[in-house]
Amino acid sequence: MGAVYVFVNQKGGVGKTTSAINLGAYLAGAGKSVLLVDFDSQANLSSGIGVRSARPGVYELLSGTAPLEQVMRKTGIPGLHVIPASIDLSGAAVELIDQKEREYFLKKALGPVRNRYDYIFIDCPPSLGILTLNGLIAADAVLIPMQCEYFAMEGLSLLFKTIRRIQKHLNPALVIGGIFFTMYDQRTRLAQEVVKQVSAYFRDSVFSTIVPRNVRLSEAPSHGLAISQYDPLCSGAKAYQSLAAELIKRGKPVPAAAHPAGAAAPGAGVKERPDHG
Ligand SMILES: Nc1ncnc2c1ncn2[C@@H]1O[C@H](COP(=O)(O)OP(=O)(O)O)[C@@H](O)[C@H]1O
Ligand SMILES: [Mg+2]
């Protein structure tokens, strides 16, 4: 049985899309079957993995005008499939507002393929709006990419509050799949300090692999390629390969209720701004 992961951080530009593409590519390379779902109307994931025509895509799927078989595409990587997005998806956010059970559209839409893949990755937009809520309800686990900067923790309290609200009312099985650092620059002491503090706070939730700032990672999507295809020897490629191995090693997400330490959910009581002193 597969697991559904949602990439969430309401900040833009923290590496959600880059991580979904490259983790997906390495998992597929390791023999797993992976479905990427582009759930951002900016459609960076779709173009980043080389999908030219994004219609029909996830919008058509949600609105019931195209079936799953029509919206799932192959990519240049065997075992890696994608449901693309187009700018039409921004309309879905508005249309969903008036619908009954509006938070469950993505979960229902993905239901038939849940068990056809080892991993389903949902790439969310930079907000905690209705699309991200749909992502959090469709998922078994949340993956949170974090940039190593001073305001890294800012906004995390809102994110964890949202996650806890969803765990309580809408998706009790949702777990924190992990937090990982992106765009790390080892030359700055600040980046080292942020990693140290966040790791001390979130402990086991933090992946030990840190993704460095690496220009090759930002070049690859303009060629429609994952880093494993574009430059498999660069530092960014090695990091995502290692992060994928960590994700495999962590195994299937275990719902809090079934977990011995369930009560001590990571992120409980996160402060808006940690003491950086
Ligand atoms: N580790 C990295 N090193 C250098 N550039 C990166 C790295 N990760 C992402 N980028 C670039 O930073 C920008 C934002 O990343 P992206 O994955 O699109 O973030 P998000 O999806 O959270 O908005 C993109 O231009 C991407 O190519
Ligand atoms: Mg993105």
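Since the structure is predicted, the reported quantities are computational estimates derived from the model, not experimental observations. Per chain, residue numbering runs from 1 following the sequence as it is written. Starting at A for chains and at 1 for ligands, labels are handed out in the order in which the entities are written. Predicted model: local features are reported for residues with pLDDT of at least 70 only, side-chain atom pairs are reported and counted for 80 or more only, and whole-chain, interface and lining totals are derived from all residues. Note that water and hydrogens are dropped before the side-chain values are worked out from all heavy atoms of the structure.

### Brief notes about the overall build of the protein chain
The way it works is that DSSP assigns letters per residue, a run of H or I at least four long becomes a helix, a run of E at least two long becomes a strand, and they are numbered from the N terminus. The helix and strand inventory of the protein chain stands at 12 helices and eight strands. Each radius of gyration is computed over the set of C-alpha atoms, and the globule rule expresses the reference value as 2.2 Å times the number of residues to the power 0.38. Against the compact-globule benchmark of 19 Å for 277 residues, the protein chain has a radius of gyration of 18 Å, which places it among compact chains. Over its C-alpha atoms, taken along the principal directions, the protein chain stretches across nearly 55 × 45 × 30 Å. Partly exposed describes any residue whose relative accessible area lies between the buried limit of under 20% and the exposed limit of over 50%, with all areas from a 1.4 Å probe on protein chains only and scaled to the type maximum. Evaluated residue by residue, the protein chain yields a buried proportion of 53% over its 277 residues. By definition, residues are in contact when any of their heavy atoms lie within 4.5 Å. Contacts in the protein chain between residues at least 24 apart in sequence constitute 78% of all its contacts with a sequence separation of at least 6. Surface accessibility in these figures is a Shrake-Rupley result with a 1.4 Å probe; residues are shielded only by whichever protein chains are displayed. As presented, the protein chain carries roughly 12,400 Å² of accessible surface, and 54% of it is formed by carbon and sulfur atoms. His is not counted here, nor are the chain ends, while Lys and Arg score as positive and Asp and Glu score as negative. Lys charges are placed at NZ, Arg charges at CZ, Asp charges at CG and Glu charges at CD. Of the side chains in the protein chain, 29 bear a positive and 22 a negative charge, and the two mean positions are spaced by 4 Å.

### Looking at the site of ligand 1
In the vicinity of ligand 1, 14 residues are found, and the nearest of them are G13, T17, T18, P212 and N214. Polar contacts here mean pairs of N or O atoms no more than 3.5 Å apart (in protein, one a potential hydrogen donor and the other a potential acceptor; neighbouring residues in sequence count only if both atoms are side-chain atoms). A distance of 2.8 Å is found between an oxygen atom of ligand 1 and a side-chain nitrogen or oxygen belonging to T17. N214 is positioned with one of its backbone polar atoms (N or O) 2.9 Å from a nitrogen atom of ligand 1. For ligand 1, whose accessible area on its own is 550 Å², the fraction buried by protein is 79%. Contributing elements (two or more residues each) for the shell around ligand 1: α1 (16-29), β8 (206-212) and α10 (215-219). Looking at which element gives the most residues to the shell around ligand 1, the answer is α1, with three residues. Ten residues, namely Ala, Val, Leu, Ile, Met, Phe, Trp, Tyr, Cys and Pro, are considered nonpolar, four, namely Asp, Glu, Lys and Arg, are considered charged, and the remaining ones, Gly among them, are considered polar. Considered class by class, the residues forming the shell around ligand 1 number five nonpolar, seven polar and two charged. It suffices for a single heavy atom of a residue to lie within 4 Å of a molecule or strand for the residue to be listed as near it.

### With respect to the environment of F7
You can see F7 is positioned in strand β1 (residues 3-7). Residue F7 is classed as buried on the basis of its relative accessible area, which comes to 0%. With 10 residues separating them along the chain, F7 and T17 place their C-alpha atoms 7.9 Å apart. Those residues in contact with F7 that sit more than four places away from it in its chain are K16, S19, A20, L23, F121, I122, D123, C124, L143 and F180.

### Re the nonpolar core
By nonpolar core we mean a set of buried residues, namely Ala, Val, Leu, Ile, Met, Phe, Trp, Tyr and Cys, connected to one another through side-chain atoms within 4.5 Å. Counting 57 residues, the largest nonpolar core has I83, L89, I122 and I163 as its most contacted members. The element that contributes the greatest number of residues to this core is helix α7 (residues 130-138), accounting for six residues. Residues in contact with I163, not counting those within four places in the same chain, are L136, V142, I144, L174 and I176. Counting residues in each nonpolar core, the second largest holds 37 residues, with I49, L80, A226 and C234 among its members.

### Focus on the state of the cysteines
In what follows, a disulfide is any cysteine sulfur pair within 2.5 Å. Scanning the entire structure with this criterion turns up zero disulfides. The cysteine C148 is free of any disulfide, with C234 supplying the nearest cysteine sulfur at 17 Å.

### A short note on the packing of helix α5 (residues 89-96) against α7
Only the stretch in contact is used when fitting a helix axis, every axis being a line fitted to C-alpha atoms; angles between N-to-C directions are given from 0 to 180 degrees. Closest axis-to-axis distance for the α5/α7 pair is 9 Å, and the angle between their directions is 85 degrees. Judged by the angle between their axes, α5 and α7 are roughly perpendicular. Together, L89, A93 and L96 of α5 and I130, L131 and N134 of α7 make up the contact between the two elements. Looking at the contact of α5 with α7 residue by residue, the classes come out as five nonpolar, one polar and no charged. Each angle receives one of four descriptions, namely roughly parallel if under 35 degrees, roughly antiparallel if over 145, roughly perpendicular if within 65 to 115, and oblique otherwise.

### Describing the environment of Q147
Relative to the helices and strands, Q147 resides in strand β6 (residues 141-147). Along the backbone, Q147 and G15 are 132 residues apart, and their C-alpha atoms lie at a distance of 7.7 Å.

### Comments concerning the confidence of the model for the protein chain
A residue-level look at the protein chain finds 92% of positions with pLDDT of 70 or above and a mean pLDDT of 90. As a per-residue measure, pLDDT tells how confident the predictor is, with possible values from 0 to 100. The model gives residues 260-277 a pLDDT under 50, and that stretch makes 32 contacts with residues more than four places away or in other chains.

### Structural notes on the packing of aromatic side chains
By convention, a stacked pair of Phe, Tyr or Trp rings (six-membered ring in the case of Trp) has centres within 6.5 Å and planes under 30 degrees apart, an edge-to-face pair has planes over 60 apart, and any other such pair is tilted. As enumerated under the stated definition, the model contains seven aromatic pairs in all. Ring centres of Y119 and F121 lie 6.1 Å apart, and the angle between their planes is 65 degrees; on these two criteria the pair is classed as edge-to-face. Of the two residues, Y119 and F121, neither departs from the other in class, the shared state being buried. Pairing F180 with F207 gives two aromatic rings, centres 6.1 Å apart and planes at 85 degrees, and the pair type is edge-to-face. Of this pair, F180 sits in strand β7 (residues 175-184) while F207 sits in strand β8; the two residues are 27 residues apart in sequence, bridging distant segments of the chain. Residue class for F207 comes out buried when judged on its relative accessible area of 3%.

### Brief notes about unusual backbone geometry
Cis rather than trans, the peptide bond between R55 and P56 has omega equal to -5 degrees. One can find P56 in the loop between α2 (44-48) and α3 (58-62). One non-glycine residue, R203, lies in the positive phi region at around 45 degrees. The topology assignment puts R203 in the loop between α9 (189-202) and β8. When its relative accessible area of 61% is taken as the criterion, R203 is described as exposed.

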